[in-house]
Amino acid sequence: MYMPQLGLGTFRLQGQQAIDSVSTGLELGYRHIDTAQIYGNEEEVGSALAASNVARDEVFVTTKLWTANLAGDAVAPSLKESLRKLRLEQVDLALVHWPSPGSAVPLRETMEALLAARDAGLSAAIGISNFPVGLMREAIDAVGAQNIATNQVELHPYLQNREVAAFAHQMGIHVTAYMPLAYGKVMEDAVIGRIAARHGATAAQVTLAWLLAKGYAVIPSSTKRANLASNLAASRLQLDADDIAALDALDRGERLVNPEFAPLW
Ligand SMILES: NC(=O)c1ccc[n+]([C@@H]2O[C@H](COP(=O)([O-])OP(=O)(O)OC[C@H]3O[C@@H](n4cnc5c(N)ncnc54)[C@H](OP(=O)(O)O)[C@@H]3O)[C@@H](O)[C@H]2O)c1
């Protein structure tokens, strides 16, 4: 699977704001868009994609199946509904957004149905999101690590998720860092600010460059053209070993996304 390492997140973006963010992102050069059924913006993402002059095979589109759609007989129909809204014949990546709350649906059932949906052509690749190591093992047992393209998890300087990242690396599963800017918190960080000043860069660029240097995909979001543009330019920023060590030292296990149905981390 070829996934552009720097993508565009769309969580919280609704209506015209979602259309504008994705349209501007595509215009600026983003070629990876991350949406989800629960975001309620697949139609807006679809209309921005349709209106852009970027060819379908040049943009990587991810959606995520909501927890209500994880039963074996719900997976393919719900993915077809996503495709209808996105106006696509296939997504590039379909993720289990969260492990089934309380294991209401056995993970094997969901993973096998998702694999079948992939083989039927609804998605080019499949993966998981918000899976701690134990559940990653179960997903691997169900369909094999070679069929799990990524685990998309919260990962930023304050929550570095090292155990999940190391296990994913060991199993050859790509890590996608969601909420890479800690929802804007990194902008107030003195350590990151000093590194940014030294490079003539922004705190967001330093944070994204650090994640990219570790080999993770990143999917920052922004409603502002200037931020979308400067975040994209993070791929040109080279950090040195001292910068990376300084960011590594910021981990404080600070989880920002922890709904009541979250798995035991
Ligand atoms: N799988 C999951 O369960 C899950 C959960 C959460 C998120 N995600 C994905 O990850 C994506 C990113 O997460 P997120 O959107 O929650 O948080 P984020 O990307 O860490 O942060 C977004 C916030 O940072 C601000 N920002 C962005 N670039 C900036 C810049 N250059 N300078 C200053 N401020 C900047 C944005 O404000 P402005 O709009 O003002 O720029 C926005 O408030 C989501 O959109 C979604 O696609 C997935």
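You'll find the structure just up there.
Just so we're clear, the structure is a prediction, and the values are computed from it rather than from any experiment.

J.: A description of the site of the ligand should follow, citing residues and the corresponding values.
T.: Asp34, Ser221, Ser222, Thr223 and Lys224 are the nearest of the 30 residues found near the ligand. Tyr39 places a side-chain nitrogen or oxygen 3.4 Å from a nitrogen atom of the ligand. Residue Ser129 places a side-chain N or O atom 2.9 Å away from a nitrogen atom belonging to the ligand. In isolation the ligand has 900 Å² of accessible area, and contact with the protein removes 89% of it. With respect to the detected pockets, the ligand is housed in the largest pocket. Taken together, the residues of the shell around the ligand break down into 13 nonpolar, 13 polar and four charged.

J.: Account for helix 8 (residues 203-213), naming residues and giving values.
T.: Because the α-helix completes a turn every 3.6 residues, residues three or four places apart line up on one side. A large share of helix 8 lies buried, amounting to 10 of its 11 residues. Among the residues of helix 8, Ala203, Ala204, Gln205, Val206, Thr207, Leu208, Ala209, Trp210, Leu211 and Leu212 are the ones counted as buried. Each element contacted by the buried residues of helix 8 is listed here: strand 7 (174-178), helix 7 (190-199), strand 8 (217-218), helix 9 (225-232) and helix 10 (241-248). A positive backbone phi angle near 90° is found at Gly215, which sits one or two residues after helix 8.

J.: Pulling in residues and values, what's your account of the sheet that holds strand 2 (residues 32-34)?
T.: In a beta sheet, neighbouring strands are held together by backbone hydrogen bonds and run either parallel or antiparallel to one another. Ordered by their spatial adjacency, eight strands build an open sheet running 1-2-3-4-5-6-7-8, and the pairing between neighbours is parallel. Two strands close off the open sheet at either side, each with one partner strand: strand 1 (8-9) and strand 8. Where strand 6 (residues 150-154) meets strand 7, five bridges bridge the pair, whose relative direction is parallel. Within the sheet, the bridge partner assigned to Gln152 lies in strand 7 and is Thr176. Of the strands in this sheet, strand 3 (60-65) and strand 4 (91-96) touch helix 3 (residues 75-86), which is tilted by about 135° from strand 3.

J.: An account of the pairing of strand 5 (residues 123-129) is needed here, citing residue identities and associated values.
T.: With six of seven residues buried, strand 5 lies mostly within the body of the structure. Sheet topology places strand 4 next to strand 5; five bridges connect them, and they run parallel. Along strand 5, the bridge assignment pairs Leu93 with Ala125. Judged from the two bridges that link them, strand 5 and strand 6 form a sheet pairing that is parallel. Paired with Ser129 across the two strands is Gln152, which belongs to strand 6. Taking the sense of rotation as the criterion, the β-α-β connection linking strand 5, helix 5 (residues 133-143) and strand 6 turns out right-handed.

Cut-offs applied
- Residues numbered from 1 in each chain as written.
- Predicted model: local features only at pLDDT ≥ 70, side-chain atom pairs only at ≥ 80, totals over all residues.
- Heavy atoms only, no water.
- Near = heavy atom within 4 Å.
- Polar contact = N/O pair within 3.5 Å; in protein donor to acceptor, adjacent residues only side chain to side chain.
- Areas by Shrake-Rupley, 256 points an atom, 1.4 Å probe, with all protein chains shown as cover.
- 1 Å grid on protein atoms, 1.4 Å probe; cavity = no way out; pocket = protein on both sides within 12 Å on 5 of 7 lines; lining within 4 Å.
- Sits in = over half its atoms within 2 Å of the grid points.
- Nonpolar A, V, L, I, M, F, W, Y, C, P; charged D, E, K, R; others polar.
- Buried < 20%, exposed > 50% of the residue type's maximum accessible area, 1.4 Å probe, protein only.
- Helix = DSSP H or I, 4+ residues; strand = E, 2+ residues; numbered from the N terminus.
- Contact = heavy atoms within 4.5 Å.
- Pairing = 2+ DSSP bridges.
- Axes fitted to C-alpha atoms, helices over the stretch in contact; angles between N-to-C directions.
- Right-handed = clockwise from strand over helix to strand, strands pointing away.

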